[in-house]
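Geometric and topological summary
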Amino acid sequence: MDGNVIQNLLLGFSVALQPEILAYAFIGCIVGTLVGMMPGLGPLAGISLLLPATFGLNPIIAMVLLGGVYYGAMYGGSTTSILMRIPGEAASVMTCVDGYAMTQNGRAGAALAISALGSFVAGTLGVVGLMLLAPTLAAWALRFGPPEYTALLVMGFFVLAYMSGGSMLKTLAMAVFGLVLGMIGIDAMSGYTRFSFDVLALSDGLGIVPVAVGLFGISEILITAGQKGAARVARPKLRELMPSRTELRQSLGPIGRGSVLGFLIGIIPGSAHIISSFVSYGIERRISKTPERFGNGAIEGVAGPESANNAAATGAFVPMMALGIPTGPVTAVMIAAVMVHGISPGPTLIQQQPELFWGFVASMYIGNTVLLILNLPMVGLFVNLLRIPYSYLYPGILCFCIVGCYSVSNSVVDVWIMLVMGGIGYVLRKFGYDLAPVALGLVLAPMLELSLRQSLALSAGDYLIFVQRPIALTMLVLGVILLLLGLKPLLTKKKDWRDQLDQVAEEKP
Amino acid sequence: MQLREDQASGLTLVALALFVAWENRAYPLGSLQEPGPGYTPLLIAIFLGLTGMLIVLRGGASPRLAGMKWPEGTRAAVIIAACAAATYVLESIGYRITIAALLVFFLGVLERRPPLAVAAVAVGFSLLSWYLIGDVLRVPLPRGPWGW
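These numbers come from a predicted model, not from an experiment.

What counts, and at which threshold
Residues numbered from 1 in each chain as written. Chains lettered and ligands numbered in written order. Predicted model: local features only at pLDDT ≥ 70, side-chain atom pairs only at ≥ 80, totals over all residues. Helix = DSSP H or I, 4+ residues; strand = E, 2+ residues; numbered from the N terminus. Rg over C-alpha atoms; globule rule 2.2 N^0.38 Å. Buried ≥ 20, exposed ≤ 12 C-beta atoms within 10 Å, placed from the backbone. Contact = placed C-beta atoms within 7 Å. Nonpolar A, V, L, I, M, F, W, Y, C, P; charged D, E, K, R; others polar. Domains from an automatic or database assignment. Expected span 1.5 Å × (residues − 1). Bend = angle between axes of the 7 residues up to and from the residue. pLDDT = per-residue confidence, 0-100. Core = buried A, V, L, I, M, F, W, Y, C linked by C-beta atoms within 7 Å. Axes fitted to C-alpha atoms, helices over the stretch in contact; angles between N-to-C directions. Parallel < 35°, antiparallel > 145°, perpendicular 65-115°, else oblique. Left-handed = near helix turned anticlockwise from the far one by under 90°.

Quick notes on the overall build of chain B
The helix and strand tally for chain B stands at five helices and zero strands. In chain B, the succession of helices and strands from N to C terminus is α-α-α-α-α. On C-alpha atoms alone, chain B measures out to a radius of gyration of 24 Å, which is more than a quarter above the 15 Å that the 2.2 N^0.38 rule sets for 148 residues. Principal-axis analysis of the C-alpha atoms gives chain B an extent of 60 × 45 × 25 Å. A total of 148 residues make up chain B; the buried ones form 34% of that total.

Okay, structure coming up:
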């Protein structure tokens with residue numbers, strides 16, 4: 001670590017330790033924990049709903065608040081998985097398996113403690129990775145021109161299709177559907193208004209917030225419509241939270257491996273935190289000397305996936321901060337949050353807005369510590385939320401969705417868009433389509449179109465420009481290799497890891 | 001021949017691609033040297049159509065469309081319809097009345113909760129959320145003709 005990084009980190013701490021920013025980091029973590037615990041409200045819905053409230057704040061505070069919600073939700077999601085076998089958010093599905101088994105064995109407290117400890121270690125190591133990697137990547141990305149950006153985005157879509165669970169074709173189709181939605185509105189280069197069907201409000205295009213809240217929040221409520229009653233919840237006492245020495249020893253390896261693996265997967269586009277927890281669980285089971293314990297309350301089955309999904313959440317900030325490219329819907333909404341303040345994340349952000357970047361990095365160290373200190377003692381308090389019957393919970397969530405979308409631009413058009421996307425999302429989920437690529441396609445569409453058309457203008461219409469420039473060529477070759485790897489099971493009818501992911505998803509409670 | 005789930009969804013994507021390509025006629029394609037506003041949407045429509053076709057071709061093994069279950073369908077439709085009605089009147093009758101009415105519908109009519117609890121939640125939620133979002137966060141929420 002060179003002196004420059006330490007100096008910048010000190011600058012970050014001088015920003016993040018201001019009482020106002022500390023208070024917002026604290027609020028973000030609490031809100032995140034709560035939304036992460038509530039089925040149907042994941043980090044995306046939580047961030048989308050809070051987004052309008054950040055418009056009046058300065059951009060550093062906005063990022064700190066939304067960042068707190070994001071990794072707070074990752075912590076919160078594990079609580080319902082362990083205590084109730086209900087994943088608060090998708091990344092916690094794997095934690096259900098051994099976490100809930102531990103609860104049945106009377107070790108709920110230890111599972112929660114290891115989950116929080118793993119999340120803390122992974123989150124902190126992830127921030128170290130972000131701190132070291134993002135500035136280097138940003139400096140390198142300054143060499144990028146339109147062809148490199150086009151190749152990067154195309155590669156991103158292929159990586160997304162390969163890495164997402166389920167059918168590669170369906171994932172690609174959803175990404176392209178997102179691109180179609182992204183074509184609505186004014187074309188930045190010619191000024192033409194496209195696909196607005198004479199609706200004035202559509203000429204601004206579809207906003208990420210109504211689309212994301214509709215696709216993820218509303219569709220979840222529609223899918224679970226008719227669910228009754230509040231489930232029984234175990235309520236561990238403070239003294240039960242201490243894991244045994246053996247449990248601690250067994251968790252160290254999985255936490256370390258999960259942290260590194262999660263961070264690396266987090267940088268890749270797609271539902272990284274979900275995939276990382278699945279891959280981590282698979283690795284831990286494979287290398288274990290007693291794999292038969294998995295599924296019956298193995299602490300490694302909690303420590304690995306929980307560390308991996310938290311590290312992946314931090315890893316997702318690397319391409320967002322360094323390249324201005326979101327790897328998923330959550331980072332897409334966060335980009336929207338800073339763009340409202342006239343700041344565009346990208347290679348120049350770290351140089352031009354050092355307080356924002358380093359303040360955010362430092363706030364993540366603080367946020368992780370706050371979550372560790374808060375979550376364990378307050379777990380008994382938080383689980384009370386899970387006792388609210390679903391029949392009372394979902395109308396409240398719906399009302400928050402409506403007011404959240406309305407607040408973005410004080411327009412009912414956004415609420416209509418949210419409802420339409422909710423209906424579409426519900427039908428797509430019934431047909432087994434992944435929705436994350438839709439949101440990603442929507443956000444990346446203008447960037448892809450602009451860089452593609454600029455590249456063609458640069459080369460006088462010659463598509464060979466993409467193979468004549470080494471960086472662009474490398475990215476395209478990587479993308480094509482992944483595409484071919486993804487298509488291989490279609491041709492050979494051999495099962496690959498995506499089918500295993502589907503199997504786990506079907507087996508989930 | 002029985003239509004399969006993936007075949008139905010793939011065909012819908014093909015239809016969407018055709019619709020986008022048809023609507024795209026209104027925008028100039030430009031040239032390769034200078035692509036116009038219709039260039040990228042056409043490329044995207046072609047790609048969407050292709051993936052849709054591949055899903056149709058690969059969809060023979062998916063479950064039958066007729067066997068698809070929608071147990072929550074009616075309730076989901078009612079929820080969406082209620083939200084649509086609320087959105088329709090939101091700006092004309094104001095935030096607090098709309099949200100209270102929506103909650104009364106969900107809790108009282110759809111979920112059949114005790115009337116006292118319904119009234120308490122509906123009034124409490126609409127007033128508290130107005131205070132938090134409208135007053136504390138200073139988001140301008142719509143007021144109806146009676147200032148509500």
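After that view of the structure, there is still more to cover.
With respect to the overall build of chain A
Within chain A, the secondary structure is distributed over 23 helices and two strands. For chain A, the share of sequence-separated contacts (at least 6 apart) that also reach a separation of at least 24 residues comes to 80%.

Quick look at the interface of chain B and chain A
With 51 residues of chain B at the interface, the matching set in chain A holds 48 residues. At the level of secondary structure, the elements contributing two or more residues to the side of chain B that touches chain A comprise α1 (5–23), α2 (39–58), α3 (73–93), α4 (95–110) and α5 (115–136) of chain B. Residues belonging to the side of chain B that touches chain A are distributed by class as follows: 32 nonpolar, nine polar and ten charged.

As for the domain arrangement of chain B
You can read the domains of chain B as domain 1 (5–67) and domain 2 (73–136). Spacing between the C-alpha centres of domain 1 of chain B and domain 2 of chain B amounts to 39 Å.

Here we look at helix α4 (residues 59–84) of chain A
All names here are of chain A. Along its 26 residues, α4 runs 37 Å from first to last C-alpha, staying within 8% of the 38 Å computed at 1.5 Å per residue. Along its length, α4 shows its largest kink, about 25 degrees, at A73. Burial of α4 is extensive: 26 of the 26 residues sit out of reach of the surface. Within two residues after α4, R85 carries a phi angle of roughly 65 degrees, on the positive side.

A short note on unusual backbone geometry
With the exception of glycine, most residues fall at negative phi, and the peptide bonds are largely trans. Residue and element names in this part refer to chain A. Of note in this structure, F197 is not a glycine but carries a positive phi near 50 degrees. Here F197 lies in the loop between β2 (193–194) and α9 (208–223). With 7 C-beta atoms packed within 10 Å, F197 lands in the exposed category. Phi is positive for D198, close to 60 degrees, though the residue is something other than glycine. Along the chain, the position of D198 falls in the loop between β2 and α9.

Section: the environment of Q7 of chain B
All names here are of chain B. By secondary structure assignment, the location of Q7 is in helix α1. When the C-alpha atoms of Q7 and R64 are compared, they prove to be 9.3 Å apart, with 57 residues separating the residues in sequence. Dropping the residues within four chain positions of it, Q7 is found in contact with V56 and G59.

Quick notes on α2 of chain B
Given 3.6 residues per helical turn, the α-helix brings residues three or four places apart onto the same face. Relative to the 28 Å expected for 20 residues at 1.5 Å per residue, α2 of chain B spans 29 Å between its end C-alpha atoms, a close match to the ideal helical length. Three or more residues of α2 of chain B are buried, namely Y39, T40, P41, I44, A45, L48, T51, G52, L54, I55 and V56 of chain B. Residues of α2 of chain B that are buried in the fold lie against α8 (168–182), β2 and α20 (436–458) of chain A together with α1 of chain B.

Section: the confidence of the model for chain B
Residue and element names in this part refer to chain B. Taken residue by residue, chain B gives an average pLDDT of 92. The fraction at 70 or more is 99%. Looking at the elements of chain B, mean pLDDT is at its lowest for α5, recorded as 91, and at its highest for α1, recorded as 96. The ipTM for the predicted assembly is 0.95, set against a pTM of 0.82.

Digging into the nonpolar core
Ranked by size, the top nonpolar core spans 209 residues in total, and within it V333 and A439 of chain A carry the most contacts. Among the domains, domain 1 (5–67) and domain 2 (73–136) of chain B are the pair contributing at least three residues each to this core. Those residues in contact with A439 of chain A that lie beyond four places of it in its chain are G178, I208, V211, A212, L215, P329 and A332 of chain A.

Topic: the packing of α1 of chain B against α2 of chain B
Residues and elements named next belong to chain B. At a minimum axis distance of 8 Å, the contact between α1 and α2 shows a crossing angle of 160 degrees. The angle between α1 and α2 places the two elements in the roughly antiparallel class. The hand of the α1/α2 crossing is left-handed. Contact residues: D6, Q7, S9, G10, L11, L13, V14, L16, A17, L18, V20 and A21 in α1; P41, L42, A45, L48, G49, T51, G52, M53, I55, V56 and R58 in α2. Class assignment of the residues belonging to the contact of α1 with α2 gives a composition of 15 nonpolar, six polar and two charged.

Concerning the packing of α4 of chain A against helix α6 (residues 108–141) of chain A
Residues and elements named next belong to chain A. α6 packs onto α4 with a crossing angle of 160 degrees between their chain directions and a minimal axis gap of 10 Å. Here α6 runs roughly antiparallel to α4, going by the angle between their axes. In the crossing of α4 with α6, the sense of the turn from one axis to the other is right-handed. When α4 is examined against α6, the residues Y71, M74, Y75, S78, T79, I82 and L83 are found in contact with a partner set consisting of A108, A111, L112, S115, A116, S119 and G123. Of the residues assigned to the contact of α4 with α6, the class counts are nine nonpolar, five polar and no charged.

Observations regarding the environment of P291 of chain A
Tracing the chain through its elements places P291 of chain A in the loop between α11 (272–287) and α12 (300–315). When the C-alpha atoms of P291 of chain A and Q250 of chain A are compared, they prove to be 13 Å apart, with 41 residues separating the residues in sequence.

Quick word on the environment of I80 of chain B
Counting through the fold element by element, I80 of chain B comes out in helix α3. Here I80 of chain B is in contact with L222, L419, G422 and G423 of chain A, once residues within four sequence places are set aside.

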